[in-house]
Amino acid sequence: MSTYVIGDVHGCFDQFMRLLKKIEYDSKKDQIILTGDLVNRGPKSLAVLNYCMADKNITTVLGNHDLYLLYLISINKGQGKLKKIVEAENNKQIFEWLITRPLLIQTSNHLTNNKFIITHAGIPEIWSLEKAQDLADEVSQELTDNSSKILKAMWGDDPKSWNESLTGNKKYRIIINYFTRMRFLGNDAALDLKNTSTKASKGSKPWFHYESASYKKMNQYYVFGHWASLNGKTENPHFIGLDTGCVWKGKLTALRIDDLEKISVKY
Ligand SMILES: [Mn+2]
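Residues numbered from 1 in each chain as written. Predicted model: local features only at pLDDT ≥ 70, side-chain atom pairs only at ≥ 80, totals over all residues. Heavy atoms only, no water.

### Description of the packing of aromatic side chains
One pass over the structure, following the stated rule, counts 20 aromatic pairs. Measuring from ring centre to ring centre gives 5.4 Å for F116 and Y221, while their planes differ by 20°; the resulting arrangement is stacked. With F116 in strand β5 (residues 115-118) and Y221 in strand β9 (residues 220-224), this residue pair connects regions lying 105 residues apart in the sequence. An identical accessibility class is assigned to F116 and Y221; each is buried. Ring pairing ties together the aromatic residues F184, W207, F208, Y215, Y222, F224, W227 and F239, which thus form one cluster. (Phe/Tyr/Trp six-rings, centres within 6.5 Å; stacked < 30°, edge-to-face > 60°. Helix = DSSP H or I, 4+ residues; strand = E, 2+ residues; numbered from the N terminus. Buried < 20%, exposed > 50% of the residue type's maximum accessible area, 1.4 Å probe, protein only.)

So, in structure tokens, the structure goes:
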């Protein structure tokens, strides 16, 4: 009985199948948590979704591309690589499954007592884990209750920094941007969303280079995808980047949380 966290699949269905085979995934005993971005860019996004939806032991946190797909389904607009999904016979079922996926999953291994905090992009140092969970839950509630409204309102890079007085769409937008799009942060946890490289612009650092009480806990591991150009290199064993750029002809990577072993397949 093992739990695996798997990085951004991005429609790479064949590689996903090869990875499940390599880890000898057994849907009767094992569990899979994906770091989001199941779809877009790659060739077989619909197959990835159908496979995951059919297996109760597979789930995901939401990534920015998953949210984009939800938006396209909500306005019934088939576009680019996502057209097939928007126009799929089971598009309603896909919408229902995807929109009920969380932004944050916490799971522990009972033998090692290690705790794993799984998001698509990460959690900024300004939020305690409890706070992050509350905010993630608040957005999930809104996604269920007012899905078309929030899916329309969440686009854009403003506000740049978190502020306790934010409300409504601005609040939801920045929470979603931290959880699903963050890479570099400046002072006051200001999001630098333009830079997708690994080289920080002046005044900003990777989010996991900041300090917080939660980041320092020895038995806690932050597991995320999204930042493909990092290729898993965070230089800190407590921050585990799993997007190893499969869709860019890199690798698809799984982390077995029981023993922190990483297993990959090549594109
Ligand atoms: Mn992403």
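From this point, the narrative continues.
### Some details on the coordination of the manganese ion
The protein atoms that coordinate the manganese ion are D37 (OD), N64 (OD1), H120 (NE2) and H226 (ND1), at distances spanning 2.2 to 2.3 Å. Mapped onto the sequence, the residues coordinating the manganese ion show the spacing D-x26-N-x55-H-x105-H. Of the two residues, N64 is situated in helix α3 (residues 64-74) and H226 in the loop between β9 and β10 (239-241); the sequence distance between them amounts to 162 residues. For the pair shown, N64 and H226 are each scored as buried. (Donors = N, O, S within 2.8 Å, 3.2 Å for Na, K, Ca; no water.)

### Concerning the packing of helix α6 (residues 129-145) against helix α8 (residues 168-181)
In the contact formed by α6 and α8, the axes pass within 10 Å of each other and the chain directions differ by 115°. Between α6 and α8 the crossing geometry is left-handed. For the pair formed by α6 and α8, the contact residues are A132, L135, A136, E138, V139 and E142 on the first element and K171, Y172, I175, I176 and F179 on the second. Broken down by class, the residue content of the contact of α6 with α8 amounts to eight nonpolar, no polar and three charged. (Axes fitted to C-alpha atoms, helices over the stretch in contact; angles between N-to-C directions. Left-handed = near helix turned anticlockwise from the far one by under 90°. Contact = heavy atoms within 4.5 Å. Nonpolar A, V, L, I, M, F, W, Y, C, P; charged D, E, K, R; others polar.)

### Here we look at the sheet that holds strand β11 (residues 251-256)
With mixed pairing, the five strands of this open sheet are ordered in space as β3-β2-β1-β11-β12. Taken across any chain shown, the strands that pair with only one partner, and hence form the sheet edges, are β3 (58-60) and β12 (261-266). Sheet twist, expressed as the mean angle between neighbouring strand axes with direction ignored, is 25°. One ladder, built from three bridges, connects strand β1 (residues 3-6) with β11; its direction is antiparallel. The residue of β11 that forms the bridge with I6 is A254. Helix-sheet contacts for helix α1 (residues 13-22) involve β1, β2 (31-34), β11 and β12, and the interaxial angle to β12 is about 140°. (Pairing = 2+ DSSP bridges.)

### What about the sheet that holds strand β8 (residues 205-206)?
An order of β7-β6-β8 is seen for the three strands of this open sheet, with the pairing classed as antiparallel. Each of the sheet's edge strands pairs with one partner strand only, and the pair in question is β7 (191-192) and β8. Note: strand β6 (residues 184-185) against β7, two bridges, orientation antiparallel. In the sheet register, L185 faces β7, and the bridge partner there is L191.

### What to know about the environment of T100
By the element assignment, T100 lies in the loop between α5 (91-99) and β4 (105-108). What makes T100 partly exposed here is its relative accessible area of 44%. Taking the C-alpha atoms as reference, T100 lies 29 Å from D259; in sequence the two are 159 residues apart. Of the polar contacts made by the side chain of T100, one reaches the backbone oxygen of E96; its length is 2.8 Å. (Polar contact = N/O pair within 3.5 Å; in protein donor to acceptor, adjacent residues only side chain to side chain.)

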